[in-house]
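Residue-level structure breakdown
Read off the chains here:
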Amino acid sequence: QKEVEQDPGPLSVPEGAIVSLNCTYSNSAFQYFMWYRQYSRKGPELLMYTYSSGNKEDGRFTAQVDKSSKYISLFIRDSQPSDSATYLCAMSAGAGKSTFGDGTTLTVKP
Amino acid sequence: EPEVTQTPSHQVTQMGQEVILRCVPISNHLYFYWYRQILGQKVEFLVSFYNNEISEKSEIFDDQFSVERPDGSNFTLKIRSTKLEDSAMYFCASRTGTGGTDTQYFGPGTRLTVL
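Residues numbered from 1 in each chain as written. Chains lettered and ligands numbered in written order. Predicted model: local features only at pLDDT ≥ 70, side-chain atom pairs only at ≥ 80, totals over all residues. Heavy atoms only, no water.

This next bit is on the overall build of chain B. Looking only at helices and strands, chain B has zero helices and eleven strands in total. Ordered by position from the N terminus, the helices and strands of chain B form the series β-β-β-β-β-β-β-β-β-β-β. The C-alpha radius of gyration computed for chain B amounts to 13 Å, which stays within 12% of the reference 13 Å derived for 115 residues, consistent with globular compactness. The principal-axis extent of the C-alpha atoms belonging to chain B is close to 40 × 25 × 25 Å. Residues counted as buried form 45% of the 115 residues belonging to chain B. Across chain B, contacts joining residues at least 24 apart in sequence account for 54% of those joining residues at least 6 apart. Working note: accessible area of chain B is about 5700 Å², and carbon and sulfur atoms make up 45% of it. (Helix = DSSP H or I, 4+ residues; strand = E, 2+ residues; numbered from the N terminus. Rg over C-alpha atoms; globule rule 2.2 N^0.38 Å. Buried < 20%, exposed > 50% of the residue type's maximum accessible area, 1.4 Å probe, protein only. Contact = heavy atoms within 4.5 Å. Areas by Shrake-Rupley, 256 points an atom, 1.4 Å probe, with all protein chains shown as cover.)

What follows deals with the interface of chain B and chain A. Listed per partner, the contact involves 22 residues of chain B and 21 residues of chain A. Carbon and sulfur atoms make up 54% of the surface buried where chain B meets chain A, a total of about 1800 Å² over both sides. Linking chain B to chain A there are one salt bridge. Note that Asp 102 of chain A and Lys 42 of chain B form a salt bridge whose closest N and O atoms lie 3.7 Å from each other. Of all the secondary structure elements, the ones that give two or more residues to the side of chain B that touches chain A are strand 4 (31-37), strand 9 (88-95) and strand 10 (105-106) of chain B. Element by element, the count of residues in the side of chain B that touches chain A is highest for strand 4 of chain B, at four residues. (Buried area = accessible area lost by both parts, 1.4 Å probe. Salt bridge = Lys/Arg side-chain N within 4 Å of Asp/Glu carboxyl O.)

Any functional reading would require information that these geometric values do not contain.
Shown next, in the form of structure tokens:
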């Protein structure tokens, strides 16, 4: 079993749709939960960061962490064509390594 | 806004040659990392570095790899004898470790092509 499983996609939605991206994990030691956006052949760009459980909102983006279910989500409201990218979930137990999901490629069509 | 920088952006080398990939982490960060991403695959952890020593390394980080922080600003990854399978994007990351948004910020990457 992989430590981090990410919904594989690809995902294609019309502009303005609400997008839900999801990851599950098996390691109970994970406390830091991140979502990165990655464009082709570029570095991961930090979008959202959550410590422990709960919700966090930043503009059109909402990150949710449910540690009891070992499940995290990223919601994108009013999706735009510029949101088209690969989204990576990542998790860490502390200051150590981050473990990444495989990524979900999102296309938002005008 | 401070950012992690990496040089070169693209490195082409012959199999068996040594390469050094360079990174300048964010200035007040204490933890440094290297990851790699083979084309079409996930981001994989290589090594973490704290207080001038390796704190953790993966199975990928074998004897042909080494890291160094030669001065107060640079962090390097050396591959002694490159193999075809070392072709990948290599990302440097840094983390403050002292509160605030205590997570890893990534550089833009170096694309390594081994011929």
